[in-house]
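Given next are the chains, with one letter for each unit.
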Amino acid sequence: MERRTQSRHTGLFLVLCAAMLLLSMVTQQPWAAGARGYAKGAIEPMEAGMMAVAARVGAWTSVLGDISSLRTQNQHLQDENASLRKQIAELSAAGLDNQALRQALDFQRSYGHTMVAAAVVGRGPDSFSLTVAIDRGTADGVRPGMVVASGAGLVGRVREAGPHVSIVQTLADPQSRVSAFLSKSGLQGTVIGGPGSLEMQIDPRFGIAPAVGEWVITNGVGGGYPRGLVVAQVAAVNHNDAATVDEAVLAWVNDTTSLSVVLVITDFTPS
Amino acid sequence: MMRLLGFAAFLAAALLQVTWAPGLAIWGAYPNLVLLMMVVITWRNGARAGMFWACWGGVLLDLTGPGPIGPHALALLAGAYVSGFWTRNVDKGSLSQPVLATAASTVLYSLILIGSDDTLGLPVPPLGLAFQLTFAASIYNAALMLPLLLVLGRAVPLRRQPA
């Protein structure tokens, strides 16, 4: 009897597995992209509603948290303030820094890019999907491949676009590659994505060393991203005499867990 | 009526998973509420019910993520099957067994998800990172299982498996 129950369950399991595999293969086809987009769009209003509730609850709990940890935060903010003052002084002193940051922070005006603002309505369903869902789609001019930024800097690229919802692959994806330069030293390199922190492989130049605190800005090389978008800040530099490149650990300017509004650059076509 | 409630509960779990849960990440992993609910149902109502709800929960997760619809359902199905197998062969009254079953289901779910994403050409993390995330997720889910079983277990009526 036990064996019969077991084999019945195994049979059902195999049938359902086959059905799900078939569903995966069918919905993977390009001709099914439209239907898939509509199906994903159907759940978007509920995601948006849940995000709104999450934001309200988050704000409420943060007030309670603020009260309990006010002293610690105050000290932390004072330290941060001192660090920011130092950064401002450094930025004011360096003309290259100033110019690059101004371009990056105000890239829409500098380059005349057209952008669509979108609200983040959801995040990846598992730890492996480093994505965010936004409430703009093909009906708003969003297409797969378009670059996505936030007020702080580069977020990633649109991976899928439905009529009213799109899925953005963020820079936290380990397969992300961005060609960039360092704002102060001008050194060039490639930023490699990662969920914990970004890494940058820096092409060495004689007599110039990368420094902690430098901003990493897209250089437009390769045509994948427009020039002038802030990507991250150098947190640590690992120099190895035997290596052909220097490696830097970067602090990404964005955090997928706190992103709420992003901008999709609609008039830049990645090559 | 119970089935309708089940649909709604899984929908709520999936929505919570893609909106709130990422904010609770530890070592890059965050709780998989749909998987947890699926294990509870499998534990209390058997593999058949677990597999049914795994399909529904998986499809919901697939609708919120990139790529085709099906990989999460497939991965959860495997988790339900393992949990079901576990349920039949251990003492159902034990509280440590569902915790272990959750850890095992999470590992299997993660491996199948990575495998199917790789097969379908979706981005997957490097092997070392994938193992780290899988390990962290299995510990996280297992740790949440016990309180969930105590809370949700009361809401889901226990159904005896055929002997």
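Right, let's walk through the structure included here. (Residues numbered from 1 in each chain as written. Chains lettered and ligands numbered in written order. Predicted model: local features only at pLDDT ≥ 70, side-chain atom pairs only at ≥ 80, totals over all residues. Heavy atoms only, no water.)

What follows covers the pairing of strand S1 (residues 115-123) of chain A. Residue and element names in this part refer to chain A. Within S1, seven of the nine residues are buried, which leaves the element mostly enclosed by the surrounding structure. As paired strands, S1 and strand S12 (residues 261-265) are joined by five bridges and run antiparallel to one another. What sits directly across from Ala117, in S12, is Leu263. The sheet contact formed by S1 and strand S2 (residues 131-134) spans three bridges and is antiparallel. (Buried < 20%, exposed > 50% of the residue type's maximum accessible area, 1.4 Å probe, protein only. Helix = DSSP H or I, 4+ residues; strand = E, 2+ residues; numbered from the N terminus. Pairing = 2+ DSSP bridges.)

Moving on: the pairing of strand S4 (residues 154-161) of chain A. It is a general feature of regular strands that their side chains alternate between the two faces of the sheet. Residue and element names in this part refer to chain A. In terms of strand pairing, strand S3 (residues 147-149) meets S4 through three bridges, oriented antiparallel. By the bridge assignment for S4, Ala149 is matched with Leu154. As consecutive antiparallel partners, S3 and S4 are separated by four residues, and within that stretch Gly153 has a phi angle of approximately 155°, a positive value. The pairing of S4 with strand S5 (residues 166-170) spans five bridges and is antiparallel. Within S5, the residue paired with Val158 across the bridge is Val168. Hairpin connection between S4 and S5: a loop of four residues separates the two successive antiparallel strands.

Looking now at the packing of aromatic side chains. By the definition in use, this model includes six aromatic pairs over all chains. Taken together, a centroid distance of 4.4 Å and an interplanar angle of 20° make the contact between A:Phe13 and B:Tyr81 stacked. Here A:Phe13 is found in helix H1 (residues 2-28), whereas its partner B:Tyr81 is found in helix H4 (residues 71-89) on a different chain. A relative accessible area of 13% places A:Phe13 in the buried class. You can call B:Tyr81 buried: its relative accessible area is 17%. Aromatic pair B:Phe52 and B:Trp53: ring centres 4.9 Å apart, planes at 80°, arrangement edge-to-face. Against the face of A:Tyr225 rests A:Arg157, its NZ or CZ located 4.3 Å from the ring centre. Between the NZ or CZ atom of B:Arg3 and the centre of the ring of B:Phe52, over which it lies, the distance is 4.6 Å. (Phe/Tyr/Trp six-rings, centres within 6.5 Å; stacked < 30°, edge-to-face > 60°. Lys NZ or Arg CZ within 6 Å of the ring centre and 35° of its normal.)

With that settled, the discussion passes to the interface of chain A and chain B. Every contact between the two is made by 46 residues of chain A and, on the other side, 56 residues of chain B. Buried surface at the junction of chain A and chain B, summed over both partners, amounts to about 4400 Å²; 69% is from carbon and sulfur atoms. Looking only at chain A, the three residues that lose the most surface to chain B are A:His9, A:Pro125 and A:Phe128, adding up to 17% of its buried area. Inspection of the chain A/chain B interface yields 15 residue pairs in polar contact (both at pLDDT 80 or more). At the level of secondary structure, the elements contributing two or more residues to the side of chain A that touches chain B comprise H1, helix H2 (33-68), S1, S4 and S5 of chain A. The element contributing the most residues to the side of chain A that touches chain B is H1(A), with 15 residues. Grouping the constituent residues of the side of chain A that touches chain B by class yields 22 nonpolar, 15 polar and nine charged. (Contact = heavy atoms within 4.5 Å. Buried area = accessible area lost by both parts, 1.4 Å probe. Polar contact = N/O pair within 3.5 Å; in protein donor to acceptor, adjacent residues only side chain to side chain. Nonpolar A, V, L, I, M, F, W, Y, C, P; charged D, E, K, R; others polar.)

Residue and element names in this part refer to chain A. Mapped onto the elements of the fold, Val147 is located in strand S3. By relative accessible area, which is 0% here, Val147 ends up buried. Along the backbone, Val147 and Val168 are 21 residues apart, and their C-alpha atoms lie at a distance of 8.9 Å.

Residue and element names in this part refer to chain A. Here the structure, examined in full by the defined rule, presents three salt bridges over all chains. Across the salt bridge formed by Lys40 and Glu160, the nearest N and O atoms sit 3.0 Å from each other. Remark: Glu160 occurs in strand S4 and Lys40 occurs in helix H2; sequence separation between them is 120 residues. Considered together, Lys40 and Glu160 belong to a single accessibility category, that of buried residues. The residue Asp135 makes a salt bridge to Arg136 at a minimum N-O spacing of 3.8 Å. For Arg136, a relative accessible area of 28% corresponds to the partly exposed category. (Salt bridge = Lys/Arg side-chain N within 4 Å of Asp/Glu carboxyl O.)

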